[in-house]
Amino acid sequence: MELSPKLIKEINELADACPNKKGALLPVLYLVQKEYGFLSESILKDIAFILNIPEVFVFGVTTFYTMFHTSEQAKNIISVCTNITCSLLGSEHIIKTLENILKIKPGEMTKDKKFSLNLVECLGSCGTAPVMMVNGDLHENLTEEKIKRILDTYK
Amino acid sequence: MDYPSITLRNIKEPDSHKINTYLKSGGYKGLTRVLDDMVPEEVIGSIKRSGLRGRGGASFPTGLKWEFARRDRNFPKYIVCNADEGEPGTFKDRILIEKDPFAIIEGMTIAGFSVGAEKGYIYIRGEYVKGAEILRKAIKEAKEKNFLGKNIQGKDFNFDLDVYMGAGSYICGEETALIESLEGNVGYSRIKPPFPINVGLWDKPTVLNNVETFSLVAPIIVNGDEWFSNIGARDFPGTMIYSLSGHVNKPGLYELPTGINLKTIIYEFGGGIKDGKKLKAVFPGGLSSGCLNENEIDIPMDHKALAKVGSMLGSGAIIVINDETCMVEIARRGMKFFRHESCGKCVPCREGTFWISKIMLRIVNGEGKKEDLDLIKDLGQGMKTAAFCGLGLAAANPVLSIIKNFPKDFESHINDKKCAYNNK
């Protein structure tokens, strides 16, 4: 088993709080992803074993939801909203600015693994578009100048 | 004009997300009155008389929903708050969660008392990391002051809440897909009936309401159902939060009476079109609603009126678009979203969003054919008729409404092989 005893204990606690163990799957995936950065095949197998559900089921759920990652991620994940309001107000320019600064294309990660750039759907902040999220932090009313300052705050 | 502010009344207060601030502004008066002076049937009666309808898009009468759940003798029952706000253009729930979490918690607690549930979940979208953190802290504070937990305020009533995070799936905002997700499954919607009110979470009776709906509950109890039913439109009373975004001077949240005129919201509250440009199109109820043209916007924000022009009220997300925008690009972008979010369970939605996306891309790239528009209409009509859930039923609305309202934009792409606006 790849998971630490501490993590296994926490997984069991989450499972016990549900009417059946499977109900804990999403919280468990979040918990383990936080610890390891992403969810490898062997870790997903461990989770399936602990929760007593088929491995294929765990793989299916993990890959259905876009916020679970099955490969290594950058330290800071940049998500740029490209939905209607943000695109009306210049998300295209925001993406170009980020591409120029980071020297990567959407879907890629910088060589030093510090940043990855993702294009996402509505982030629920259309009144302050264009917006992007870095990890869990929302950055609103973006401009080229602002982006440079924001990136400097993430090490 | 002076309109009552109910759900947004506290958001400008510093520390509005803390329980002491909430208590100072009259918070928990509703629950206290319910526990001291009312039986569950009276609470449900009051919510029914208030005329409150769900604010998540479907507008089902809230009191009726609670009554169905109350009557069901299958236990345990659950209260679930749909905080999976994902409709493009909507951002009201995020603000309510971050600025006034106790209003939601109090509303859910009153719902629990009314229908006989002891457990509730707030299903919040995975991107709202800050909101989830605020809710967890709020639940902890509420427990410390005995507004949640065992024997609430010394009465024979237990109610507990958990926050459950989604993980980036738009379809989980559909109530049955949300329940599937809460049970640890892929977010595939379920067939209805049975409705969640009888067969919901873990197959138990489940009351599912939107964030804004729960936020309205305590004010109705405190101020009276008659007060609420006299605000706004007769058959859909109260206030509604309109999320205004796009090419307007003052985007933001506006809590206004239901049934208010769309043009009034855009020009009087939103300050008109940005940079002195002209209005071209408006999505009145989020991307799913289908757009209106400039001649159609003098219209009340009302289900019947909007349905008449082929649109819908949805969650009240108003996206304003100026006349320098190519609507073909908007249609392409909109369909790309639905293609990404289609869960793949049913054929009309999975194939429809996939093929319309491909055709739209071809048109935008100047490779469109004349017959493409008929093909899109055909596919879109198939989706509107045969899709399994609300996502697929609505996914063709943007593209179909754009073909109807702005045929010239398509003509230049298809005939002249280029965009007349060149602002792709």
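Nothing here was measured: the structure is a model prediction, and the numbers come from that model. (Residues numbered from 1 in each chain as written. Chains lettered and ligands numbered in written order. Predicted model: local features only at pLDDT ≥ 70, side-chain atom pairs only at ≥ 80, totals over all residues. Heavy atoms only, no water.)

(A) Region of the structure containing the overall build of chain B. Scanning chain B for helices and strands turns up 18 helices and eleven strands. Taking 424 residues into account, the globule formula puts the C-alpha radius of gyration at 22 Å, and chain B, at 22 Å, falls close to it. Along the first, second and third principal axes, the C-alpha set of chain B runs to 75 × 45 × 35 Å. The 424 residues of chain B split such that 62% are buried. If you take every contact in chain B between residues at least 6 apart in sequence, the share linking residues at least 24 apart comes to 70%. As presented, chain B carries roughly 16,400 Å² of accessible surface, and 50% of it is formed by carbon and sulfur atoms. Averaging the positions of the 57 positive and the 53 negative side-chain charges in chain B gives two centres separated by 2 Å. (Helix = DSSP H or I, 4+ residues; strand = E, 2+ residues; numbered from the N terminus. Rg over C-alpha atoms; globule rule 2.2 N^0.38 Å. Buried < 20%, exposed > 50% of the residue type's maximum accessible area, 1.4 Å probe, protein only. Contact = heavy atoms within 4.5 Å. Areas by Shrake-Rupley, 256 points an atom, 1.4 Å probe, with all protein chains shown as cover. Lys, Arg positive; Asp, Glu negative; His and termini not counted. Charge placed at Lys NZ, Arg CZ, Asp CG, Glu CD.)

(B) The sheet that holds strand S4 (residues 137–139) of chain A, seen in detail. All names here are of chain A. The sheet built from four strands is open, its strands ordered S2-S1-S3-S4 with mixed pairing. Two strands close off the open sheet at either side, each with one partner strand: strand S2 (115–120) and S4. Averaged over all pairs of adjacent strands, the angle between their axes in this sheet comes to 25°, without regard to strand direction. Pairing of strand S3 (residues 132–134) with S4, which is carried by three bridges, proceeds in the antiparallel orientation. Bridge assignment links Met 132 to a residue of S4, and that residue is His 139. Across the sheet, helix H6 (residues 91–102) touches strand S1 (76–81), S2 and S3, and the angle it forms with S1 is around 155°. (Pairing = 2+ DSSP bridges. Axes fitted to C-alpha atoms, helices over the stretch in contact; angles between N-to-C directions.)

(C) Up close: the packing of helix H2 (residues 25–36) of chain A against helix H4 (residues 55–64) of chain A. All names here are of chain A. At a minimum axis distance of 11 Å, the contact between H2 and H4 shows a crossing angle of 75°. Between H2 and H4, the angle is such that the two are roughly perpendicular. Of the residues in H4, those in contact with Leu 25, Leu 26 and Leu 29 of H2 are Phe 57, Val 58, Val 61 and Thr 62. For the contact of H2 with H4, a count of residues per class yields six nonpolar, one polar and no charged. (Parallel < 35°, antiparallel > 145°, perpendicular 65-115°, else oblique. Nonpolar A, V, L, I, M, F, W, Y, C, P; charged D, E, K, R; others polar.)

(D) The interface of chain B and chain A, seen in detail. Taken residue by residue, the interface counts 51 residues in chain B and 34 residues in chain A. A buried area of about 3,200 Å², summed over both sides, lies between chain B and chain A, and 62% of it is on carbon and sulfur atoms. Among the residues of chain B in contact with chain A, B:Ala167, B:Trp202 and B:Arg333 are the three that bury the most area, contributing 19% of the side total. For the pair chain B and chain A, the number of links is two salt bridges. Across the pair B:Arg94 and A:Glu140 runs a salt bridge, and its minimum N-O distance is 3.7 Å. Ranked by the residues each element gives to the side of chain B that touches chain A, the list is headed by helix H13 (residues 327–341) of chain B, at seven residues. (Buried area = accessible area lost by both parts, 1.4 Å probe. Salt bridge = Lys/Arg side-chain N within 4 Å of Asp/Glu carboxyl O.)

(E) Structural view of the nonpolar core. Ranked by size, the top nonpolar core spans 144 residues in total, and within it A:Ile47, B:Trp66 and B:Val399 carry the most contacts. Per-element accounting of this core gives the leading share, nine residues, to helix H6 (residues 101–115) of chain B. Setting aside residues no more than four positions away along its own chain, A:Ile47 makes contact with A:Leu3, A:Leu25, A:Val28, A:Leu29 and A:Val32. In terms of nonpolar packing, the next biggest core, distinct from the first, is built from 24 residues, B:Met240, B:Leu244, B:Leu256 and B:Ile318 among them. (Core = buried A, V, L, I, M, F, W, Y, C linked by side-chain atoms within 4.5 Å.)

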